[in-house]
Amino acid sequence: SVLQGVGFVPVDIDLREGAFPGLRGFALDLRLLGPETYLESVATATPLPRLPPIERLEPELDAVLEHWDDADALAGSALADMASILQPSAPSRADGVRQLVLELLAAARQEAPSDAQAFRAVEVAYLEGAAKLEVAARRLAVSRPTFYRMRKRAVRAMVAQLVTWARAGGRRPA
């Protein structure tokens, strides 16, 4: 439909039975893309990027980290389209995802220097290839529960950076 061509997605509508037979609803989720970027895209007839729903960003980033060395998994990730916008010069979709994650980690670390150990947990566990998360926890000299909390805090900070960048149309705040 025309609405789907400009970013709307069909949604189920549950009205009283028989009130409006065949009624189909559509919604436009601008929580991630932002209204300015959306309007600019429509006005310039630029295709909208396929972005995962905002509530899927954390699980998607987790999946990317879990499959850091698997180029096919990264290229097929829901973050790959975002990476192609935010990392247009990357030689491949997988490299774009990797570059995006590294930039998100650096930006989140800069935004919250007091959480340096949390960001280090992500580096040790995924980017430096610790065999198991328990090994990464030992390398950081923290308990497993503490490690998992640090990791979650770092991933959430990275997602917050990603949302900020996406809403700014891929432009990093100065």
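Predicted, not measured: the structure shown is a model, and the values here were computed from it.

Attention now moves to the packing of helix 7 (residues 116–127) against helix 9 (residues 144–167). At a minimum axis separation of 8 Å, helix 7 and helix 9 run at an interaxial angle of 100 degrees. Here helix 9 runs roughly perpendicular to helix 7, going by the angle between their axes. Packed against helix 7, whose contacting residues are Gln117, Ala118, Phe119, Ala121, Val122, Ala125 and Tyr126, the element helix 9 presents Phe147, Met150, Arg151, Arg153, Ala154, Val155 and Ala157 at the interface. Along the lines of polarity and charge, the residues of the contact of helix 7 with helix 9 split into 11 nonpolar, one polar and two charged.

Our next topic: the packing of helix 3 (residues 57–66) against helix 9. Closest axis-to-axis distance for the helix 3/helix 9 pair is 10 Å, and the angle between their directions is 115 degrees. Crossing of helix 3 over helix 9 shows right-handed handedness. Between helix 3 and helix 9, the residues in contact are Leu57, Glu58, Leu61, Asp62 and Leu65 and Arg151, Lys152, Val155, Arg156, Met158, Val159, Leu162 and Val163, respectively. Looking at the contact of helix 3 with helix 9 residue by residue, the classes come out as eight nonpolar, no polar and five charged.

Within this structure, the stated rule accounts for 11 salt bridges. The partner of aspartate 115 in a salt bridge is arginine 153, with the nearest N and O atoms 3.2 Å apart. In this pair, aspartate 115 is assigned in the loop between helix 6 (93–111) and helix 7 and arginine 153 in helix 9, connecting sequence segments 38 residues apart. Look at arginine 153 and you get partly exposed, because its relative accessible area is 39%. Between arginine 120 and glutamate 128 there is a salt bridge, with its nearest N and O atoms 2.6 Å apart. One continuous salt-bridge network, built from bridges that share partners, spans Arg109, Arg120, Glu123, Glu128 and Arg139.

Criteria and thresholds
- Residues numbered from 1 in each chain as written.
- Predicted model: local features only at pLDDT ≥ 70, side-chain atom pairs only at ≥ 80, totals over all residues.
- Heavy atoms only, no water.
- Axes fitted to C-alpha atoms, helices over the stretch in contact; angles between N-to-C directions.
- Helix = DSSP H or I, 4+ residues; strand = E, 2+ residues; numbered from the N terminus.
- Parallel < 35°, antiparallel > 145°, perpendicular 65-115°, else oblique.
- Contact = heavy atoms within 4.5 Å.
- Nonpolar A, V, L, I, M, F, W, Y, C, P; charged D, E, K, R; others polar.
- Left-handed = near helix turned anticlockwise from the far one by under 90°.
- Salt bridge = Lys/Arg side-chain N within 4 Å of Asp/Glu carboxyl O.
- Buried < 20%, exposed > 50% of the residue type's maximum accessible area, 1.4 Å probe, protein only.

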